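Residues per chain, in single letters:
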Amino acid sequence: MHFARFSPVRFAHLPTPFEPLPGLTEHLKRADGGGPALWIKRDDCTGLAGGGNKTRKLEFLLGDALTHDADTLVTQGAVQSNHVRQTAAAAARFGLKCEIILEARTGSNAVDYNRSGNVLLDELLGARIRTVAGGTDMNAQLALVAAEVTASGGRPYIIPGGGSNAVGALGYAECALELVAQANEAGREIDRIVTATGSAGTHAGLVAGLAVMGADIPVLGIGVRAPKEIQEANVFRLAQETAALLGHPERVSRDMVVADCDYVGAGYGLIDAAVIDALKTIARSDAILLDPVYTGKAMKGLIALAKAGAFDGETVVFLHTGGAQGLFGYQSELEGQL
Ligand SMILES: *Cc1c(COP(=O)(O)O)cnc(C)c1O
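About the thresholds
- Residues numbered from 1 in each chain as written.
- Predicted model: local features only at pLDDT ≥ 70, side-chain atom pairs only at ≥ 80, totals over all residues.
- Heavy atoms only, no water.
- Near = heavy atom within 4 Å.
- Polar contact = N/O pair within 3.5 Å; in protein donor to acceptor, adjacent residues only side chain to side chain.
- Areas by Shrake-Rupley, 256 points an atom, 1.4 Å probe, with all protein chains shown as cover.
- Helix = DSSP H or I, 4+ residues; strand = E, 2+ residues; numbered from the N terminus.
- Buried < 20%, exposed > 50% of the residue type's maximum accessible area, 1.4 Å probe, protein only.
- Pairing = 2+ DSSP bridges.
- Right-handed = clockwise from strand over helix to strand, strands pointing away.
- Domains from an automatic or database assignment.
- Contact = heavy atoms within 4.5 Å.
- Buried area = accessible area lost by both parts, 1.4 Å probe.
- Core = buried A, V, L, I, M, F, W, Y, C linked by side-chain atoms within 4.5 Å.

What exactly am I supposed to notice about the site of the ligand here?
Near the ligand lie 17 residues; those nearest to it are Lys54, Lys57, Gly198, Ser199 and Thr321. In the environment of the ligand, an oxygen atom lies 2.9 Å from a nitrogen or oxygen atom belonging to the backbone of alanine 200. Glycine 201 has a polar backbone atom sitting 3.4 Å from an oxygen atom of the ligand. Isolated, the ligand exposes 380 Å² of accessible area, and the fraction of that covered by the protein chains is 99%. Looking at the shell around the ligand, the elements with two or more residues in it are helix H2 (54-67), strand E7 (192-197) and helix H8 (201-213).

What's the story with the pairing of strand E4 (residues 97-104) in this structure? I'm lost.
Within a regular strand, side chains alternate between the sheet's two faces. Counting buried positions along E4 yields six of eight residues, so the element is predominantly enclosed. Here seven bridges tie strand E3 (residues 72-78) to E4, and the two strands are oriented parallel to one another. Considered in E4, the bridge of glutamine 76 is made with isoleucine 101. Handedness of the crossover joining E3 and E4 through helix H3 (residues 82-93): right-handed.

How should the domain arrangement of the protein chain be read in this particular structure?
A common measure of how large an interface is: the accessible area buried when the components associate. Each assigned domain of the protein chain is listed here: domain 1 (3-52 + 165-334) and domain 2 (54-163). Just the C-alpha atoms count here: the centres of domain 1 and domain 2 sit 23 Å apart. Between domain 1 and domain 2, the residue contacts involve 45 residues of the former and 37 residues of the latter. Roughly 3100 Å² is buried in total at the junction of domain 1 and domain 2, and carbon and sulfur atoms are behind 58% of that figure. At the surface where domain 1 touches domain 2, the tally comes to 18 residue pairs in polar contact (both at pLDDT 80 or more).

Looking at this structure, I do not really get the nonpolar core. What am I missing?
Most often, soluble globular proteins keep nonpolar side chains buried together rather than apart. Core analysis: the largest hydrophobic core is formed by 60 residues, its most contacted members being Met299 and Leu302. At six residues, helix H11 (residues 295-307) tops the list of elements feeding residues into this core. Counting only domains with at least three residues in this core, you end up with domain 1 (3-52 + 165-334) and domain 2 (54-163). Core analysis: the second largest hydrophobic core is formed by 36 residues, Tyr172, Val180, Ala200 and Val212 among them.

Take a look at the structure:
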């Protein structure tokens with residue numbers, strides 16, 4: 001896989017650590033001895049103003065933006081978007097302007113949700129922010145704002161929500177390669193990778209990377225928004241597009257794409273007791289900080305599935321996709337629950 005031919009710019013702190021999770025492994029050991037050996041891939045440590053999974057995607061997207069001589073990044077996300085924060089950071093790092101459209105997707109009026117956490121950091125990083133109502137056609141908004149930038153003499157580069165197109169997903173094909181190399185070095189065979197799956201680029205990039213290199217490791221995506229059929233279709237389409245960029249679209253098959261969307265709860269960005277329990281469990285077992293919207297929900301699923309025996313005897317790698325900065329946007333909801 002020749003990633004250099006896509007001209008990525010390099011700013012992520014890589015490779016991210018690949019470590020055992022002794023506390024959670026012990027916690028999920030059942031009386032009959034069953035349970036998984038858990039490891040974690042620390043993509044919360046990618047280093048770009050708090051880091052997270054969008055940083056790997058942005059290495060390829062920024063490369064493309066600079067190749068196109070853009071001077072303004074335009075992107076969108078939910079109010080507490082980690083993608084938006086990392087895009088604002090990448091823009092600052094390369095001296096570009098950044099236009100952000102935030103969708104009031106969760107309907108929250110809480111001051112912390114709307115002003116703290118990632119929003120505070122977006123402002124600190126110098127992005128220009130506008131907010132639109134939940135349910136707005138965000139792709140149309142991106143086009144509108146890009147047209148405004150052009151009209152005022154700028155050169156916009158649109159980054160889709162979550163950085164999830166095939167160019168961005170290359171970052172996770174590359175992560176798959178990095179992870180397999182680390183497992184080999186550690187003398188560990190990985191039986192399964194578990195990750196949160198949202199705008200699909202992370203999940204799709206992993207599937208594409210593993211398929212193209214011929215590594216037979218199943219990836220389980222835990223959904224945070226869409227129902228299973230829609231999520232799997234989105235991931236499959238994007239995995240094929242990503243593998244096509246890498247020259248081997250035929251190596252991705254439909255059965256490689258598995259999403260479990262039973263842990264979404266009331267909806268995107270809405271937390272429940274099991275999410276809070278997951279946040280607390282791994283914070284106290286291994287001092288790992290998860291986020292309320294993505295990794296907390298994925299961990300809610302991982303814990304429930306492990307308790308039901310789904311991973312017995314397996315070495316399972318949890319991909320930590322970042323987002324702990326978003327915790328501060330949920331302070332009022334977490335207060336009294338910890
Ligand atoms: C965006 C995000 C995800 C989901 O990744 P996608 O590529 O959008 O599916 C998972 N975790 C965190 C913390 C994120 O910010």
